[in-house]
Structure formats: structure tokens, C-alpha cells
There are 4 protein chains.
Amino acid sequence: MRRILVLYDSKTGNTRRMAEHVAAGAGSVPETEVRLLPIEEASADDLAWCDGLAVGSPTNMGVLSWKMKRFWDETAAAVWGRMDGKIGCAFSSSGGWGGGAELACMSLLTILMNFGMLVFGVRDYVAKQFTLHYGAVLAGEPRAEREIDSCRCLGMRLAEMAAGRSKNIGS
Amino acid sequence: MRRILVLYDSKTGNTRRMAEHVAAGAGSVPETEVRLLPIEEASADDLAWCDGLAVGSPTNMGVLSWKMKRFWDETAAAVWGRMDGKIGCAFSSSGGWGGGAELACMSLLTILMNFGMLVFGVRDYVAKQFTLHYGAVLAGEPRAEREIDSCRCLGMRLAEMAAGRSKNIGS
Amino acid sequence: MRRILVLYDSKTGNTRRMAEHVAAGAGSVPETEVRLLPIEEASADDLAWCDGLAVGSPTNMGVLSWKMKRFWDETAAAVWGRMDGKIGCAFSSSGGWGGGAELACMSLLTILMNFGMLVFGVRDYVAKQFTLHYGAVLAGEPRAEREIDSCRCLGMRLAEMAAGRSKNIGS
Amino acid sequence: MRRILVLYDSKTGNTRRMAEHVAAGAGSVPETEVRLLPIEEASADDLAWCDGLAVGSPTNMGVLSWKMKRFWDETAAAVWGRMDGKIGCAFSSSGGWGGGAELACMSLLTILMNFGMLVFGVRDYVAKQFTLHYGAVLAGEPRAEREIDSCRCLGMRLAEMAAGRSKNIGS
């Protein structure tokens, strides 16, 4: 069994809904155990537990939210040195297209790399003109099929990457 | 008269069409002279000439295109040291949403900063859930009104910034 | 009189010492009023007051600190829409060279751009193999002459940019 | 046998010397075959061949060089879709500290992520105040022991990551 943690911060509920779809995608891969946790309920033990990690934050000024940052600056510091080689990815909901969600994902991946993790995006397209090369990004909440598929695809790919496999799962 | 240069690389024509709208937006601001040039026709003199600069590239692997990079590495080197304090911004067309257009814009802005320029994005929204915080970004070519408005807004803001004014011009 | 705000977060004192040198550099430019404030003492009014802004944070996981992020997510939100066209720059102290200080500066500049500000780095070298193209970056505290000069150079350039001038002030 | 490719562009020879140390570090790990290639001599087949990849470029305006970008835009396109899950990392030599080498590494990693690769940095310090959290970065060529160690550490970690192991190899 591979162990996947989907960790998120959410203010309006948009990123939480993304997280739910990411978790569902990961859970659809056989032999995968998934934990879905808001940062208020997550601990360093959860980070130590997982093989693969998806981290989601609202896009706040083009960077992860301060609450998510505080989690990594303070809570997560306890496992610095024990995350090497684990697999990580990111997702973010912004107020609008062009609003910095890709940059927010990169800020999340920057943190994961600092912890020694292996990070990835998904090169596949989940629909025409819709992809997640640096993590799943949305404006608002996931509603359209392609938006939900983008989140699910991230979770599936994470579960596969964490299992040492990497198959083309997109369109 | 303030002088605006809209400089672009384009492979499929998508970024070129964005450039045309950016140029039109800049030209709509009184007392503005606009040059619209593909990199094949631009020289270091054009960079020296302008007060404000919008640079556009296709999103190629999340970074500006190699042709646009070559322009800055080689052609533009002649004016390194003479661009300090000029105003710069970016735009990019990608294959899909989530495909790296924001990151490509940031790679363009990184180069402009290296030349000593002042760079900006636009905080305003041009439509519901549609903005250009780090430059105008699209999937494919500009078709919908909000996509065209995004390009025009960038050009207008650039012309205003280059004139030392900064008014809220978005929605 | 142009008004410069040097705003910083500091845990060990390293970023605070950088801030002091940035402020001294700005203050060395004639007709410049400087406020040097830790984020605990800064308000949205200070942001509204200034013409130019230097923001410093420790490099925490390659991104600005959570306390500095909280300031922008919460306190600064009150002046979103009133910062357009103001001049901004960044500085950061990291645990080591290669430790993410440049990336932390870019995360700060990303936030300032989101507020509509014009941001810059300094293309000049303050000493052999020592520059601040994306903001002043150090490992630890400023001690060597080139390290102090880097901070001072940022402050001077900020004051000049805020006054609408841009002269070569480096080596 | 795991297969490691060290791919570089170099103008002054500085990045080439970094590449040699990266390759030596990778080669010091048992059961590792290493190819060291300048981009002029590399092909898409070399990318397909490797399990792990280190890519080095001079820092040119804070972004990878145009020649390295051209390699990825044109030559590498042939293996897009066949690099998923391979391990990647970056290194860069800049003109000076604070000159954008970290950002250049991130531009390289952005490209590798676009190809579906897993990318990493090294959280360990190779000496006091000297690390490579987002890839090995230097001002000029590798001379001091810590500078050489930084390059070697990247190669070793790459070989280990590509073998599915991740041990603390730093100080």
C-alpha cells in the first residue's frame, strides 16, 4: 500500500473542493491509502507517514497563503531531513485566470524541494486547452468536467509516481 | 510623446495577435507612439528608443521561446546599461490553461529586471475571473472579448505607466 | 521629499541588519525621508504613505516568511488598489548561498506586482562577482564591505527610482 | 546499472567545469554509468537513454541560455512523452552572487517538469553557509572545495535518486 496525503488550506472552500477531487483521484488507484487533511488538523507525523504528498493553497498575491506557509515554517520543521525522495505536487485556486495560480503552485513546490522531495507536474492535457503542467490550477471552484478531471488527474498521477510507476493517464 | 515598443516572437500567430491588441491598447492612450515589431525585425536601437516595452513570447516549456531568449542574450546586450528605469511588461500564449503562461511571463520579466527595468503586472480584473496580474496570458489566440480586453489593458497600462501615471483602468 | 519605507521581518536579526543598511542607503540620497519598520509595527497607512518600498524577509524554505506573508494577506489588503505605480524592491537573508534567497526575493516581488507596483532589481555589481539583480541577497548577516554595499545600493537605487531618476550607482 | 546524463551548455568554460564535477559525483556512486555531453553533441536519444538527468546552463539574464533553450524547444521535443518519472536536477554558473543562478536553475527545472520529470534540489549543506537547495549554483567557475563539493553532491544525489534511494550525503 502506498500512502498519499492531500494537505490543504482553504478560505472560501474552493481549494478544499479541489483537494477532495485530488484525493478521489489518488484513491482511484489500486492499493492506495489516502488521508485528506486541512492544515489545522495535520501534524508532522502525517508528513512522515506519507509516500506522496499533494499540497493545495488558495492563490494569495501569487504565493501560497500565510497559514499554509506557517505550517511549513513551524509544524513541518520537525520532519526536515525525513522527507528526502518523497513525491510531491501542488494545486491552487485563484480569483481569476492570469491571477497567479501557477506561481502559487511553484511557491509550494519550492518549499517541497527545500525539504528534499521530488516534485512534478503533469504534461498531459485533460481536455482541449486545459492542463496542469505545474500543478492543478483553477479560477474559483472546480465545476466543469475538465476542472474536476484536472484535480483527479493530479491525484492519480501522484499515486502512480509514489508507486514508482509513471503511465500516461491523460487525454 | 511617450514611446512604446511591443516586441514579440510568434510561431503559430497566436502571440502575434496578442501583440496587435497590446499595441492597439497602448495606441489608444493619447500622446503615445507605438512600434509593433517581431524579434526578427527588431534591433537594439528599438530598445534604446522606447520608454515602455511589452514583450511577448509563446509559452514553450513554461519559459520564453529560444528565439526570444537569443534576442536578449545577443541583440539586446548592446543596450545593457541604457535601459535602467524604463517600464516593462510581458504577455504569453500557451497551449492550454495551466500550461505555464504565467511562468513564461515571469521568465520575460526576469530578463527585463536584469536590464534594470521597472516591471509590472495589472491587478485589475478585465472580466469575471479574468485578470493579468503578471502579464496577459491566454490559451491559444485572443478571441473572446475578455481575452482581447486583457491584451488591450496591458498596453494601456504600459502607456500610462511610461507616462508616469497609474490609474485604475480595469473593471 | 520622496518617502521610502523599509519594511522587514527578522527572526535572527540578520534581515533586520540588512534593513538598516538598506534604509541608510536610501537616506543618503538627498530629499529622502525614510521609515524603517518591522512588520509588527507597520500598518497599511505606512504603505499608503510611501512612494517607494523595500521589503525584506528571511529566506524560509525559498519563500518569504509566514509572518511577512500574513502582513500582505491581511494588513496590507486595506490598501490594495492604492499602491499602483509605486516602486518596490526586495531583500533576503538565507542560511547559505544556494539556499533560495533569490527565490524568496522573487516571492516578495510577486506580491508587490500583485498590488500593482513597479518592481526592480539592480543590474550593477557592487564588487567582483557580487550583485543584486533581483534584490539584495546574503547568507547570514551583512559583514563584508560588499555585503553592506549591496544593501546600501538597493536603498539608494530605490530612492532614485522613486524620484523618477535612474542613474548608474554601482561599480 | 542506472544511467545518468549530464548535459550542459557553456560559453566561458565555467558551466563545463561544473558539469565535470557533477559527472564525477554521479560516477562515484556504484553501478552508475555516466554520459557527459555538451548540447552540441547531445541528441534526443541521449535523453531517452538516461534514468537521471542533470542540466547545466550559464545564467544569462536570470534564465537558461538560448542555446540550451533551443535544445529543449527543438531537439528534445522528439522525446516529449517518454521522459515521465525520470529524475532531473539543475546547475548554473553566474557572473556573480545575487546574479540569478537560482532563477536560472528554476527555469531549467520548469522545463524538466514540463516533460513530466521528477525534479529535486538538495537540502543538505556542503559547507558552512553553502548549499544547493534548487541546484548547484556558483559565481564563476568551481575552485574552492565547497564549490566543487556542491557540484559533486548534486551528481551523487542524482545517481541515488535515480536508483530509488535517497540518503543524506551532505554535511
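Residues numbered from 1 in each chain as written. Chains lettered and ligands numbered in written order. Predicted model: local features only at pLDDT ≥ 70, side-chain atom pairs only at ≥ 80, totals over all residues. Heavy atoms only, no water.

Quick look at the pattern of salt bridges now. Using the criterion set out here, one finds 40 salt bridges over all chains in the structure. In this structure, Arg143(B) and Glu141(B) form a salt bridge, with 2.9 Å as the shortest nitrogen-oxygen distance. Between Arg157(C) and Asp124(C) there is a salt bridge; the shortest N-O distance is 2.5 Å. Of this pair, Arg157(C) sits in helix H5 (residues 145-162) while Asp124(C) sits in strand S6 (residues 122-127), placing them 33 residues apart in sequence. The burial state of Arg157(C) is the same as that of Asp124(C); both residues are buried. Look at the salt bridges and you will find they share partners, linking Asp84(A), Arg123(D), Asp124(D) and Arg157(D) into a network. (Salt bridge = Lys/Arg side-chain N within 4 Å of Asp/Glu carboxyl O. Helix = DSSP H or I, 4+ residues; strand = E, 2+ residues; numbered from the N terminus. Buried < 20%, exposed > 50% of the residue type's maximum accessible area, 1.4 Å probe, protein only.)

With that out of the way, let us pick up the relation of the copies chain B and chain A. For the match of chain B to chain A, the screw axis carries a shift of 0.0 Å, the RMSD comes to 0.0 Å, and the turn is 180 degrees. Here the transformation between the copies is reduced to the relation of a two-fold axis. Taken as a fraction of all interface residues of chain B, those also at the interface in chain A reach 100%, which identifies the copy contact as same-surface. (Least-squares fit on C-alpha atoms with pLDDT ≥ 70 in both. Contact = heavy atoms within 4.5 Å.)

What follows covers the interface of chain C and chain A. Taken together, the contact pairs 20 residues of chain C with 20 residues of chain A. Both faces considered, chain C and chain A share a buried interface measuring about 1600 Å² in area, 67% of it formed by carbon and sulfur atoms. Three residues, Met61(C), Trp66(C) and Lys69(C), lead the burial of chain C against chain A; their summed loss comes to 45% of the area buried on that side. The tally of links between chain C and chain A comes to zero salt bridges. One can count eight residue pairs in polar contact (both at pLDDT 80 or more) joining chain C with chain A. (Buried area = accessible area lost by both parts, 1.4 Å probe. Polar contact = N/O pair within 3.5 Å; in protein donor to acceptor, adjacent residues only side chain to side chain.)

Mapping chain C onto chain A calls for a rotation angle of 180 degrees and an axial translation of 0.0 Å; the resulting RMSD is 0.0 Å. The residues that chain C uses at the interface reappear at the interface of chain A in 100% of cases, marking a shared surface.

Turning our attention to the environment of Cys153(D). All names here are of chain D. You can see Cys 153 is positioned in helix H5 (residues 145-162). Among the residues examined, Cys 153 registers a relative accessible area of 4% and is labelled buried. When the C-alpha atoms of Cys 153 and Gly 135 are compared, they prove to be 9.9 Å apart, with 18 residues separating the residues in sequence.

For Glu31(B), which is not glycine, the phi dihedral falls at a positive 60 degrees. By relative accessible area, Glu31(B) is classed as exposed at 54%.

Here the focus is helix H3 (residues 66-75) of chain D. Looking at H3(D), one finds that the buried residues are Trp66(D), Met68(D), Lys69(D), Phe71(D), Trp72(D) and Asp73(D). Looking at the buried side of H3(D), the elements it contacts are helix H3 (66-75) of chain B together with strand S1 (2-8), helix H2 (44-49), strand S3 (52-58) and helix H4 (101-114) of chain D.

Counting from both sides, the interface comprises 22 residues of chain B and, opposite them, 22 residues of chain A. The interface formed by chain B and chain A includes zero salt bridges. Where chain B touches chain A, the interface holds 17 residue pairs in polar contact (both at pLDDT 80 or more). The set of elements that each furnish at least two residues to the side of chain B that touches chain A consists of helix H4 (101-114), strand S7 (130-132) and strand S8 (136-139) of chain B. For the side of chain B that touches chain A, the leading source of residues is H4(B), giving four residues. Across the side of chain B that touches chain A, the residue classes tally to eleven nonpolar, ten polar and one charged. (Nonpolar A, V, L, I, M, F, W, Y, C, P; charged D, E, K, R; others polar.)

All names here are of chain A. The buried fraction of strand S1 (residues 2-8) amounts to six of the seven residues, a majority that puts the element mostly inside the structure. Bridging between S1 and strand S2 (residues 32-38) involves seven bridges; their strand directions are parallel. By the bridge assignment, Tyr 8 is partnered in S2 with Pro 38. After leaving S1, the chain enters helix H1 (residues 14-27) and then returns to the sheet as S2, a path that is right-handed. Where S1 and strand S3 (residues 52-58) come together, five bridges link them in parallel fashion. Counterpart to Leu 7 in the pairing with S3 is Val 55. (Pairing = 2+ DSSP bridges. Right-handed = clockwise from strand over helix to strand, strands pointing away.)

With that out of the way, let us pick up the confidence of the model for chain A. Residues and elements named next belong to chain A. With 96% of its residues at a pLDDT of 70 or more, chain A shows a mean pLDDT of 95. Considering only residues more than four positions removed or in separate chains, one finds that residues 165-171, a stretch of pLDDT under 50, has 22 contacts. Quick note on the complex model: pTM equals 0.96, ipTM equals 0.95. (pLDDT = per-residue confidence, 0-100.)

Side chains of Lys11(A), Lys67(A), Arg70(A), Lys11(C), Lys67(C) and Arg70(C) sit close together on the surface and give a patch of like positive charge. Elements with a minimum of two residues in the positive patch: helix H3 (66-75) of chain A together with helix H3 (66-75) of chain C. Checked against the element boundaries, Lys11(A) lands in the loop between S1 and H1. (Patch = residues over 30% accessible without salt bridge, like charges linked within 9 Å, V, L, I, M, F, W, Y side chains within 5 Å. Areas by Shrake-Rupley, 256 points an atom, 1.4 Å probe, with all protein chains shown as cover. Lys, Arg positive; Asp, Glu negative; His and termini not counted. Charge placed at Lys NZ, Arg CZ, Asp CG, Glu CD.)

Let us now look at empty space enclosed by the protein. In the structure shown here, the tally under the stated rule is three cavities of 30 Å³ or more. Roughly 440 Å³ of volume is contained in the largest cavity. Lining the largest cavity are 24 residues, with Leu103(B), Met106(B), Leu103(C), Leu103(D) and Met106(D) sitting closest to its centre. Residue assignment for the lining of the largest cavity shows that the elements contributing at least two residues are helix H4 (101-114) of chain A, H4 of chain B, helix H4 (101-114) of chain C together with H4 of chain D. Each residue belonging to the lining of the largest cavity can be placed in one class, and the counts come to twelve nonpolar, twelve polar and no charged. (1 Å grid on protein atoms, 1.4 Å probe; cavity = no way out; pocket = protein on both sides within 12 Å on 5 of 7 lines; lining within 4 Å. Points joined across faces, edges and corners; volume = space filled by probe spheres on them.)

Once that is clear, we can look at the packing of aromatic side chains. For any two aromatic rings, the description comes down to two numbers: the centre-to-centre distance and the angle of the planes. Under the defined criterion, the tally for this structure stands at 16 aromatic pairs over all chains. Arranged with centres 5.6 Å apart and planes meeting at 80 degrees, the rings of Phe71(B) and Trp72(B) form a pair that is edge-to-face. Note on Trp72(B): relative accessible area 0%, which makes it buried. Ring geometry for Trp97(D) and Phe130(D): centres 5.8 Å apart, planes at 80 degrees, overall edge-to-face. Placement of the pair is Trp97(D) in the loop between strand S4 (87-94) and H4 and Phe130(D) in strand S7 (residues 130-132), with a sequence separation of 33 residues. Under the relative-accessibility criterion, Phe130(D) is labelled buried at 0%. Taken together, Trp97(A), Phe130(A), Trp97(B) and Phe130(B) form an aromatic cluster joined through their ring pairs. The cationic tip of Arg35(B) hangs over the ring face of Trp49(B); the distance from NZ or CZ to the ring centre is 3.9 Å. (Phe/Tyr/Trp six-rings, centres within 6.5 Å; stacked < 30°, edge-to-face > 60°. Lys NZ or Arg CZ within 6 Å of the ring centre and 35° of its normal.)

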